[in-house]
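# Architecture at a glance
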Amino acid sequence: MSIRAPRIEFAVGAFLLLALASLLVLALASTNGRWGVGGDTYELTARFSTIGALRPNAPIKIGGVSIGHVAKIDVDPVKFDTVVTLAVNKRYDKLPADTAASILTSGLLGESYVNLAPGGDPETLKPGDELYLTQSAVDLIQLVGKYMFSGGGAKPADNAAQDAGQTAVPDYLQGDTAPKDETPTP
């Protein structure tokens, strides 16, 4: 019995080391390669009226390629706009000054991200600059609600004709009367 105890202890110890190693791998994977404060990025800001489901650490993309992440999201206490701080990789420090930012969603119900569309201005953005060309997020639930509840009734002109006791449907479409042939008979 004394020979079996060290084997069990070794197996339990090996299992614990494997569990700790897998937790370390999971922790490293969740950082997406970003360590600490992010010294290899520079910050830009953008103002949006609505940001939808955008969250900190959401990706920033150009043409589908991730070039940074959302550093923080604040509300301007004066204008009550949402101010999004973007941490862009320093490799992309030549973005034109007329770059546009929009909030998009991956797929129908996927994650939100900030999409940058570089312009053609020869002047480049500097750290701390603000992107002035922005497009807010589209709220899918609000859009579906507008579609569902806006086209349900008749047109206002038809309602006005019905209220006045008139019918907006031609006589020959009402069922009882057929169109008359107005060609003279010889």
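Here goes a summary of the coordinates provided. (Residues numbered from 1 in each chain as written. Predicted model: local features only at pLDDT ≥ 70, side-chain atom pairs only at ≥ 80, totals over all residues. Heavy atoms only, no water.)

### Thoughts on the overall build of the protein chain
A count of helical and extended segments in the protein chain gives three helices and eight strands. Going from N to C terminus, the protein chain has its helices and strands arranged as α-β-β-β-β-β-β-β-β-α-α. Within the protein chain, the fraction of its 186 residues that count as buried is 22%. Taking the contacts inside the protein chain whose residues are at least 6 apart along the sequence as the reference set, 60% of them involve residues at least 24 apart. Accessible surface, the protein chain: about 13,800 Å² in total, of which carbon and sulfur atoms supply 61%. (Helix = DSSP H or I, 4+ residues; strand = E, 2+ residues; numbered from the N terminus. Buried < 20%, exposed > 50% of the residue type's maximum accessible area, 1.4 Å probe, protein only. Contact = heavy atoms within 4.5 Å. Areas by Shrake-Rupley, 256 points an atom, 1.4 Å probe, with all protein chains shown as cover.)

### With respect to the pattern of salt bridges
Summed over the entire model, instances satisfying the criterion amount to three salt bridges. Glu-130 is the salt-bridge partner of Arg-47, the closest N and O atoms lying 3.2 Å from each other. Remark: Glu-130 occurs in strand β7 (residues 130-131) and Arg-47 occurs in strand β1 (residues 41-48); sequence separation between them is 83 residues. Judged by its relative accessible area of 22%, Glu-130 falls in the partly exposed class. Across the salt bridge formed by Lys-72 and Asp-74, the nearest N and O atoms sit 3.9 Å from each other. Look at Lys-72 and you get partly exposed, because its relative accessible area is 43%. Linked through salt bridges whose partners overlap, the residues forming this network are Arg-47, Asp-76 and Glu-130. (Salt bridge = Lys/Arg side-chain N within 4 Å of Asp/Glu carboxyl O.)

### Thoughts on the packing of aromatic side chains
Taken as a whole and assessed by the stated rule, the structure comprises zero aromatic pairs. The positively charged end of Lys-61 is found above the aromatic ring belonging to Tyr-113, 4.6 Å away from the centroid. (Phe/Tyr/Trp six-rings, centres within 6.5 Å; stacked < 30°, edge-to-face > 60°. Lys NZ or Arg CZ within 6 Å of the ring centre and 35° of its normal.)

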